[in-house]
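# Descriptive structure summary
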Amino acid sequence: MGGCMSDSQDTTDRNVEREIEKDKKQDTRAHKLLLLGAGGSGKSTFFKQLKAIHGEGHNDREKEGFKRQIHGQVVESIQLLIRQCKTVTKDPLPGIKDEDDEPFGNDDLDDARLSNSLKVEMTETEIAQFKIAKEFDQSCQYLLEIHGSRSALTEQLVTHVKSLWNECPAIQAMFEHRNKIGIPDSSAFFFNDIERIGRSDYTPDHKDIVLARYRTTGMTEKEFHIKDAVFKVLDVGGQRNERKKWIHFFDGVTAVLFVVSLTCYDEVPFEDVTDLAADVTLMNSMLESIKVFEDTLDFECFQKTGFILFFNKADLMQEKIKRVPITNAFPNYKGPQEFKPSVDYISKYFLSLNRVPEREMLLRFFFEYVLFVNYW
Amino acid sequence: GEIVMTYVSIPVGIALLVLNTIFCWTLASIALYWLHEANKLRWLPVIGNRYYIMAFWTNICLLLASYTHFFFVFLFFVLFWICEIDNDDNVLYAIGYTYRIKTTFRYYNTHYNIALSQGRWVACLNQNALRIGDYGQMQWFVRTSNKNTLGSPTWMFSHICLPFFVFVLILLELAPIISDFVSRAASIIIFAMYVITVAILWMKMPAYVDYIHLKREERTLLFWCLFQLVSYIVYTITLTIDSKDRYFPYLVYVCIFNICFAMFDCGYIVTSTRQVLVWNDLVSILHDYKKARRVASIESSEKSTQHSLSVRYEQSRKRKAKILLTKLDHTFNQNHDQVHDNAGEHVVISNETAAMSDASSRALTLRQILSQKRTLEVFIQFAFGEFAHDNILGIIELTQFKEMMSKKQPGSEDRPSLITLPSDIVKSQIVFDDAKTDLEKFQMLVEKFILNNATFCLNIPYEQRAKLIAAYENRQPASEEMVTIFDDCIIELFDLIGDCFSRFRTTDMYIQLCNTNS
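Note that the structure is predicted; figures quoted are calculated from it, not measured.

### Some words on the side chain of Ser-77 of chain A
All names here are of chain A. Considering the arrangement of structural elements, one finds Ser-77 in helix H3 (residues 60-89). For Ser-77, a relative accessible area of 4% puts it in the buried group. Polar contacts involving the side chain of Ser-77 include one to the main-chain carbonyl oxygen of Gln-73, which spans 2.8 Å. Beyond its immediate stretch of four places on either side in the chain, Ser-77 contacts Ile-183, Pro-184, Ser-187 and Phe-191.

Following this line, the structure appears as structure tokens:
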């Protein structure tokens with residue numbers, strides 16, 4: 001009798017256990033989320049924020065890596081600014097003018113094209129504002145000679161960058177045109193804080209890490225446990241060559257997180273950056289984003305996949321909209337040059353690209369380091 | 001008188017037997033306990049990847065042999081007193097047999113994996129490389145015909161192992177008809193042959209791709225097998241010399257050597273269970289889990305046990321990697337400081353610091369990783385997983401081009417190269433083709449890496465791309481420019497791959513490379 005009792009109890013136990021097991025399995029099954037978007041839209045930034053909030057954060061080793069990335073960004077940006085100033089004003093690059101920088105015969109061709117387009121766009125006085133004064137020659141030469149953007153910031157380097165950034169109007173003027181020459185917005189933040197960043201005991205804080213701009217290559221994958229659910233988030237590179245790799249990650253995706261930078265409607269895509277003569281109405285990252293988004297929507301395997309559209313850099317957009325209208329990328333926009341209607345238009349435009357009505361589309365906005373502010 | 005000697009000490013004999021049996025059974029019980037513990041974690045890759053099923057049944061056989069053998073020794077001596085019992089040669093033979101098969105498959109699989117990973121990228125640089133040299137030899141392991149025959153456990157068992165096993169078994173069973181000595185000697189020879197094969201396979205097994213301490217396990221098992229071999233040889237010699245039991249009664253010999261055999265059984269099983277757990281830091285996890293379960297007193301199913309154990313395992317693995325890496329970093333920085341510091345502090349260096357500074361010399365930088373063939377190969381494998389391999393392929397091929405050009409350029413040899421590559425890495429098909437001119441090589445490289453529709457289009461800024469494409473279209477870069485033409489590009493790639501490398505540094509593979517790199 002006793003044996004009988006325990007037997008039936010065992011069976012019930014086992015059944016209950018199986019039920020629980022099943023539920024648990026369903027709950028904890030990992031959701032695969034794919035972060036997509038054009039280059040520089042902020043996929044990795046989003047990934048970094050996820051990691052800081054829902055992951056275990058960034059450890060010292062990773063911070064060391066970010067420190068190097070930030071240093072690299074500073075050096076690279078200042079080099080670009082100097083080089084562009086020199087090109088526009090046709091000022092020979094100090095020291096290394098011949099061999100390393102212009103090794104090809106085609107430079108005449110480049111110059112001709114450049115000066116032609118510049119002549120149309122710029123007057124002499126406009127060009128003159130990019131002229132770096134003689135007193136900075138030494139700094140320019142020092143900075144341009146640095147090879148490999150991974151070098152650590154030395155004291156000397158910090159002084160040079162600081163003097164150029166704070167005292168040289170040409171560099172500041174050139175920075176205003178950063179959208180055309182592919183210099184990230186956050187470089188200004190790092191230039192302003194150059195002394196703190198250049199210290200030998202500097203460790204990047206959360207804001208620094210989020211602002212650091214770095215091109216991702218390939219794919220990174222990380223699991224996040226948020227409440228009971230497991231999310232497997234895939235971060236990928238967004239440049240044109242990186243997009244060719246995307247197809248490998250499309251299997252079994254729960255949702256696509258498509259990141260769009262709101263400010264990119266006057267920025268030249270990284271792959272096209274040349275010089276100031278670039279025409280942002282012909283090619284800008286917003287058009288690129290739209291194209292990428294359309295292509296992504298068209299993929300056969302995504303016909304039933306939910307999309308979450310993240311509009312990034314809303315804080316910068318609020319500033320930029322005062323200076324530049326969104327008609328660069330949306331010529332049909334007739335509304336006022338204000339933040340709210342422009343953003344409304346952009347989001348509606350993106351939503352209208354979806355031709356599969358049953359597909360779930362969500363909209364979210366977030367700011368560079370203010371997280372997940374629900375705009376609606 | 002001699003015969004009396006044998007029977008005089010009956011109480012002593014019984015005492016000896018009882019003690020002997022208790023000793024042997026204790027050892028066997030310890031082995032049983034660890035077999036059970038290891039069995040709980042069999043689904044973990046560190047256990048599962050060792051041909052666990054085969055190891056498990058070998059261990060069970062050994063255990064059974066231990067228990068029954070000693071049991072029967074005891075029984076026979078008590079009941080029949082002077083009944084002649086033979087130590088079971090066939091058990092010995094079977095152990096050697098399974099051990100060898102296990103090692104063969106591990107050997108095969110390790111090489112198979114290396115060949116697979118090479119197959120993915122070597123052909124990207126040179127399509128002919130997989131047919132010749134080191135890479136060609138590796139391809140043997142991935143050939144379908146070999147994979148289905150010598151590489152397949154089922155095929156090996158049914159076609160080679162089983163027939164051979166039966167054949168040798170019959171031989172060994174027939175051998176005692178001739179003489180006991182012949183039978184024992186045959187056993188020894190066969191067992192010794194197995195041990196030698198295993199030793200050779202073990203030596204040829206590449207340690208740098210062994211993340212689960214397989215080689216270490218093999219080595220310890222090898223030690224135990226040698227121990228068994230030696231004790232069995234001594235046993236055979238002793239019995240042959242003293243075949244009439246002149247010096248000691250047979251019972252005493254059996255008891256003495258039983259201790260050796262029991263130690264072998266126990267040592268063998270404990271090595272493949274407990275030691276494996278210890279090396280992979282699983283004992284503490286099991287311990288913690290049991291403690292937690294006792295506190296919470298949860299009756300849990302096998303699946304939830306598995307789940308919570310695997311979570312614990314993941315956590316501890318991450319913690320371990322973190323600790324090791326911060327240690328490496330710490331000493332790395334310290335060593336840098338020490339260059340400027342005075343030597344005063346060196347006096348108080350503890351053992352720990354010494355060990356750590358030893359470790360720091362092994363912390364590999366990205367440049368070091370790229371400069372050695374095997375480390376570079378492991379890194380490429382990782383980069384493949386992250387879809388960032390195109391960068392490394394670019395670095396290799398463009399650097400080879402640069403080196404090739406600078407060799408032709410007498411003035412530029414003293415220039416430091418940007419990145420040092422291992423000399424024995426696969427040679428690029430494009431760069432090392434003597435039939436092509438430099439310009440053709442340059443054009444082919446641009447077509448491969450730079451053009452917008454290139455197969456391995458690299459993530460480089462427009463400025464560099466435009467510069468290279470312009471040179472490509474104009475077909476006029478002079479040979480002295482060729483040396484430096486890809487420099488910016490290589491530096492850019494080196495920077496790009498840094499992000500991937502920082503993640504590589506947290507993997508088991510990296511730690512293993514650091515540990516085996518000396």
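We are not done yet, so read on.
### Details of the UniProt feature "binding site: GTP" (unreviewed entry) in chain A
Residues and elements named next belong to chain A. Under the UniProt annotation, the feature "binding site: GTP" (unreviewed entry) is placed at Asp-185, Ser-186, Asp-235, Val-236, Gly-237, Gly-238, Gln-239, Asn-312, Lys-313, Ala-314 and Asp-315. The named residues occupy 131 residues along the chain; their greatest pairwise C-alpha distance, 24.0 Å, places them well apart from one another. With relative accessibility at 2%, the residue Asp-235 sits in the buried group. Leaving out residues up to four positions away in the same chain, Asp-235 has contacts with Leu-35, Lys-43, Ser-44, Phe-47, Thr-216, Gly-218, Met-219 and Thr-220.

### Examining unusual backbone geometry
What is expected of a backbone is that most residues other than glycine have negative phi and most peptide bonds are trans. Backbone geometry at Lys-313 of chain A places phi at a positive 60 degrees, although glycine is not the residue there. Within the secondary structure, Lys-313 of chain A is located in the loop between strand E5 (306-312) and helix H15 (314-323). A residue is classified by how much of its surface remains accessible, and Lys-313 of chain A, at 12% relative accessible area, is buried. The backbone of His-213 of chain B sits at a positive phi, close to 60 degrees, despite the residue not being glycine. Within the secondary structure layout, His-213 of chain B lies in the loop between helix H9 (180-204) and helix H10 (214-241).

### What about the pattern of salt bridges?
Per the counting criterion, the structure on display carries 24 salt bridges over all chains. Put simply, Asp-390 of chain B and Lys-245 of chain A hold a salt bridge, and the shortest N to O gap is 3.1 Å. Linking Asp-390 of chain B in helix H17 (residues 389-408) with Lys-245 of chain A in the loop between helix H13 (240-243) and strand E4 (255-261), this pair reaches from one chain into another. Look at Asp-390 of chain B and you get buried, because its relative accessible area is 5%. The buried category is assigned to Lys-245 of chain A, whose relative accessible area is 9%. Close ionic contact of Lys-402 of chain B with Asp-487 of chain B constitutes a salt bridge, the shortest N to O distance being 3.1 Å. One end of the pair, Lys-402 of chain B, is in helix H17; the other, Asp-487 of chain B, is in helix H21 (residues 487-504), and 85 residues separate them in sequence. Neither Lys-402 of chain B nor Asp-487 of chain B differs from the other in exposure class; each is buried.

### Description of the UniProt feature "binding site: Mg(2+)" (unreviewed entry) in chain A
The sites that UniProt annotates as "binding site: Mg(2+)" (unreviewed entry) are Ser-44 and Thr-216 of chain A. Look at the named residues: they lie 173 residues apart in sequence, but the longest C-alpha span between them is just 7.4 Å, so in the fold they bunch up. Of note, Ser-44 of chain A is situated in helix H2 (residues 43-54). Exposure remark for Ser-44 of chain A: the relative accessible area of 18% places this residue in the buried category. Every residue in contact with Thr-216 of chain A, bar those within four places of it in the chain, is listed here: Ser-44, Asp-235, Val-236, Gly-237, Gln-239 and Glu-242 of chain A together with Asn-459 of chain B. There is a polar contact of 2.6 Å between the side chain of Thr-216 of chain A and the side chain of Ser-44 of chain A.

Cut-off values and rules
Residues numbered from 1 in each chain as written. Chains lettered and ligands numbered in written order. Predicted model: local features only at pLDDT ≥ 70, side-chain atom pairs only at ≥ 80, totals over all residues. Heavy atoms only, no water. Helix = DSSP H or I, 4+ residues; strand = E, 2+ residues; numbered from the N terminus. Buried < 20%, exposed > 50% of the residue type's maximum accessible area, 1.4 Å probe, protein only. Polar contact = N/O pair within 3.5 Å; in protein donor to acceptor, adjacent residues only side chain to side chain. Contact = heavy atoms within 4.5 Å. UniProt positions renumbered as here; feature names shortened; annotations may be inferred. Salt bridge = Lys/Arg side-chain N within 4 Å of Asp/Glu carboxyl O.

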